[in-house]
Amino acid sequence: MIGFAAQRLMELEVGGLTGAGFGEKSPERLAQRNGYRERDWETRAGTVELRIPKLRKGSYFPGFLEPRRMAEKALTAVIQEAYIQGISTRSVDDLVKAMGMSGISKSQVSRLCEEIDERVQAFLDRPIEGDWPYLWIDATYVKVRQAGRIVSVAVIVAVGVNSDGRREVLGMDIGPSEAEAFWTAFLRKLARRGLRGVKLVVSDSHEGIKAAISKMLTATWQRCRVHFMRNALAHAGRSGRRVVSAFIATAFAQDDAAAASQQWRRVADQLRPTVPKLAALMDKAETDVLAYMTFPTQHRAKLHSTNPLERLNGEIKRRTEVVGIFPNEAAITRLVGAILLEQNDEWAVQRARYITLESIAPISDDPVVSLPAVAA
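Residues numbered from 1 in each chain as written. Predicted model: local features only at pLDDT ≥ 70, side-chain atom pairs only at ≥ 80, totals over all residues. Heavy atoms only, no water.

Digging into the overall build of the chain
Cut-off, in case you're wondering: By definition, any uninterrupted DSSP run of H or I lasting at least four residues is a helix, any uninterrupted run of E lasting at least two residues is a strand, and each is numbered from the N terminus. The criterion used for residue contact is that any of the two residues' heavy atoms lie within 4.5 Å. All accessibility values rest on the Shrake-Rupley procedure with a 1.4 Å probe; residue burial counts only the protein chains present in the view.
Looking only at helices and strands, the chain has 15 helices and 8 strands in total. For the chain, the proportion of contacts with a sequence separation of at least 24, taken over those separated by at least 6, is 63%. Taken as a whole, the chain presents about 20200 Å² of accessible surface, with 51% of it coming from carbon and sulfur.

Things to note about the pattern of salt bridges
Worth spelling out the cut-off: Whenever a carboxyl oxygen of Asp or Glu lies within 4 Å of a side-chain nitrogen of Lys or Arg, that contact is scored as a salt bridge.
Evaluation of the coordinates by the stated rule reveals 12 salt bridges. The shortest N-O distance in the salt bridge between Glu-180 and Lys-215 comes to 3.0 Å. Of this pair, Glu-180 sits in helix H5 (residues 180-192) while Lys-215 sits in helix H6 (residues 207-216); the two residues are 35 residues apart in sequence, bridging distant segments of the chain.

A few points about the confidence of the model for the chain
Applied cut-off: The predictor attaches a confidence to each residue, and that confidence, scored 0 to 100, is pLDDT.
Summary statistics for the chain give a mean pLDDT of 83 and a share of 80% for residues scoring 70 or more. This model gives residues 86-92 a pLDDT under 50, and the stretch forms 13 contacts once residues within four places in sequence are excluded. Taken together, the stretch residues 369-376 has pLDDT below 50 and engages in 8 contacts with residues farther than four places along the chain or on a different chain.

With respect to the side chain of Gln-222
Selection criterion: Relative accessibility under 20% of the residue-type maximum defines a buried residue, over 50% an exposed one, and the middle range a partly exposed one, all with a 1.4 Å probe and only protein chains included. Two N or O atoms form a polar contact when they lie within 3.5 Å of each other; inside protein one atom must be a possible hydrogen donor and the other a possible acceptor, and for residues adjacent in sequence the pair counts only when both atoms belong to side chains.
Relative to the assigned elements, Gln-222 resides in strand S7 (residues 220-223). Judged by relative accessible area, Gln-222 falls into the buried class, the value being 0%. A polar side-chain atom of Gln-222 sits 2.9 Å from the main-chain carbonyl oxygen of Val-289. The residues contacting Gln-222, other than those within four sequence positions of it, are Leu-200, Val-201, Val-202, Ser-203, Asp-288, Val-289, Leu-290, Ala-291, Tyr-292, Leu-303 and His-304.

Here we look at the packing of aromatic side chains
Convention followed: The pairing test for Phe, Tyr and Trp rings, Trp by its six-membered ring, is centres within 6.5 Å, and the orientation test on the planes gives stacked under 30 degrees, edge-to-face over 60, and tilted for anything in between.
Inspection of every chain in the model, using the stated rule, returns 7 aromatic pairs. Each ring, one from Trp-136 and one from Tyr-354, has its centre 6.1 Å from the other, and the planes form 85 degrees; the classification is edge-to-face. Linking Trp-136 in strand S3 (residues 134-146) with Tyr-354 in the loop between helix H13 (329-349) and helix H14 (357-360), this pair joins segments that are 218 residues apart in sequence. Summarising the burial analysis for this pair, Trp-136 and Tyr-354 share the class buried. Here the aromatic rings of Phe-228 and Trp-264 are separated by 5.5 Å at their centres, their planes lie at 40 degrees, and the arrangement is tilted. In this pair, Phe-228 is assigned in helix H7 (residues 225-233) and Trp-264 in helix H9 (residues 257-271), connecting sequence segments 36 residues apart.

Some thoughts on helix H12 (residues 307-323)
Residue pairs three or four apart in sequence face the same way in an α-helix, which turns once every 3.6 residues. Quick note on the threshold: A helix is expected to reach a length of 1.5 Å times the quantity of its residues less one. Our arc is simply the arc of the directions from the helix axis toward the C-beta atoms.
The end-to-end C-alpha distance of H12, which contains 17 residues, comes to 25 Å, matching closely the 24 Å that a straight helix rising 1.5 Å per residue would cover. Looking at H12, one finds that the buried residues are Pro-308, Leu-309, Leu-312, Asn-313, Ile-316, Arg-319, Thr-320 and Val-323. The arc enclosing the buried residues of H12, seen along the axis, measures out at 125 degrees, which places them on a common side. Residue Gly-324 follows H12 closely and has a positive phi angle near 85 degrees.

Topic: the pairing of S7
So the rule is basically this: Pairing between strands requires that DSSP locate at least two bridges from one strand to the other. Orienting the strands away from the viewer, one traces the path from the first strand over the helix to the second; a clockwise path indicates a right-handed crossover.
Examined bridge by bridge, strand S6 (residues 200-203) and S7 share 4 bridges and lie parallel to one another. Counted as the bridge partner of Val-201 is Trp-221 from S7. Taking the sense of rotation as the criterion, the β-α-β connection linking S6, H6 and S7 turns out right-handed.

Overview of the pairing of strand S4 (residues 149-161)
Counting buried positions over the 13 residues of S4 gives 10, a clear majority of the element. For S3 and S4, the ladder comprises 13 bridges, and the chain directions are antiparallel. Along S4, the bridge assignment pairs Trp-136 with Val-159. Linking S3 back to S4 in an antiparallel pair, the connection comprises 2 residues, with Ala-147 at a positive phi of about 50 degrees. Where S4 and strand S5 (residues 167-175) come together, 8 bridges link them in antiparallel fashion.

Observations regarding the environment of Asn-307
Its location among the elements puts Asn-307 in helix H12. When its relative accessible area of 41% is taken as the criterion, Asn-307 is described as partly exposed. Each C-alpha atom of the pair Asn-307 and Cys-224 lies 8.5 Å from the other, and the pair is 83 residues apart in sequence.

Thoughts on helix H8 (residues 241-252)
Over its 12 residues, H8 runs 17 Å from end to end, which matches the ideal 16 Å to within 8%, given 1.5 Å per residue. The complete set of buried residues in H8 reads Val-244, Ile-248, Ala-251 and Phe-252. Down the axis of H8, the buried set is contained in an arc of 100 degrees. They therefore lie on one face. The inward-facing, buried residues of H8 abut H7, H9 and helix H10 (276-289).

Thoughts on the packing of H7 against H10
The criterion, for reference: Only C-alpha atoms enter the line fits that serve as axes; for helices the fit covers just the stretch in contact. Angles between N-to-C directions range over 0 to 180 degrees. Roughly parallel here means an angle under 35 degrees, roughly antiparallel means over 145, roughly perpendicular means 65 to 115, and every remaining angle is called oblique. Polar here means any residue other than Ala, Val, Leu, Ile, Met, Phe, Trp, Tyr, Cys and Pro, which are nonpolar, and Asp, Glu, Lys and Arg, which are charged; Gly is therefore polar.
For the pair H7 and H10, the least separation of the axes is 11 Å and the interaxial angle reads 175 degrees. Classed by the angle they form, the pair H7 and H10 counts as roughly antiparallel. Residue-level contacts link Arg-225, Phe-228, Asn-231 and Ala-232 of H7 to Leu-278, Leu-281, Met-282, Ala-285 and Val-289 of H10. Along the lines of polarity and charge, the residues of the contact of H7 with H10 split into 7 nonpolar, 1 polar and 1 charged.

What follows is the structure, given as structure tokens:
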């Protein structure tokens, strides 16, 4: 029944496009049919075999079928490009066959890549408007061919929350390492596009990031709590990790920054006789790990680590591992940029704000958001 209804719907749509029904002779006909193409449609009721009408001039695609997602098209283009350049790493030929692609021409690849590149570049270069109190930045690594060698490059991503409490992907870049110069250039690009009003930047503990943030932004830096705990527990030994983790967690459970700081020092002093290196690490990291405690209580669960970026980075890793080794940096931008664009679109249509408007308004520099309610 689903197949019958879908087929009838397509016939009606094509009849409207051509100006005449199937086999009908009419002076008002605008285009001729050109047979059908087969396609399987996955539904809740099972797989439905469709015969999609083709036109001699123009094209037709039924409205009830979703076009391929942008990231899937990007992945296809990357694999095609690798195939054309003769790269056999990670059995690209098998990947092409598994995706149902054969006899791929350079012109087809060129058209597909151009379409994706235009959309991705427009997204990555768009103006950044309004205040962005919270910013998360992180990097992941992928492999690419450069001058006949296979090298690892950093793909850095920035996600922010604006004064409306909405989350967006603000930018991405590719570089040879996470050096200070690279991070500084990245933050400078964001600033040129309009990034302002940043109060807190959350990242892992990398000297290049810290130096770039202090140079480019007047903002507090939050060291990722999750990354810090991994470093801390490495000093505790296998048998003591659970106890040490519970001790340090008591500082995070405090109600305000002053109480958290006092408890942090108390724990460090307790650990000093038995684990002096861990105590020294806590002394050095106290201000950076507890920075989020000076921000509103409602926000802290989302501010203490780079976890809001972990799922996104996980998806990037999953998609890029399929490719294995990228043929060039443009292919990385194409695929990762498409993933980020899709994620940004998903966040944009979510009804709930990432952070409530009422709780974020007090820390915003935006006068429209920060104005107090006027008494009646």
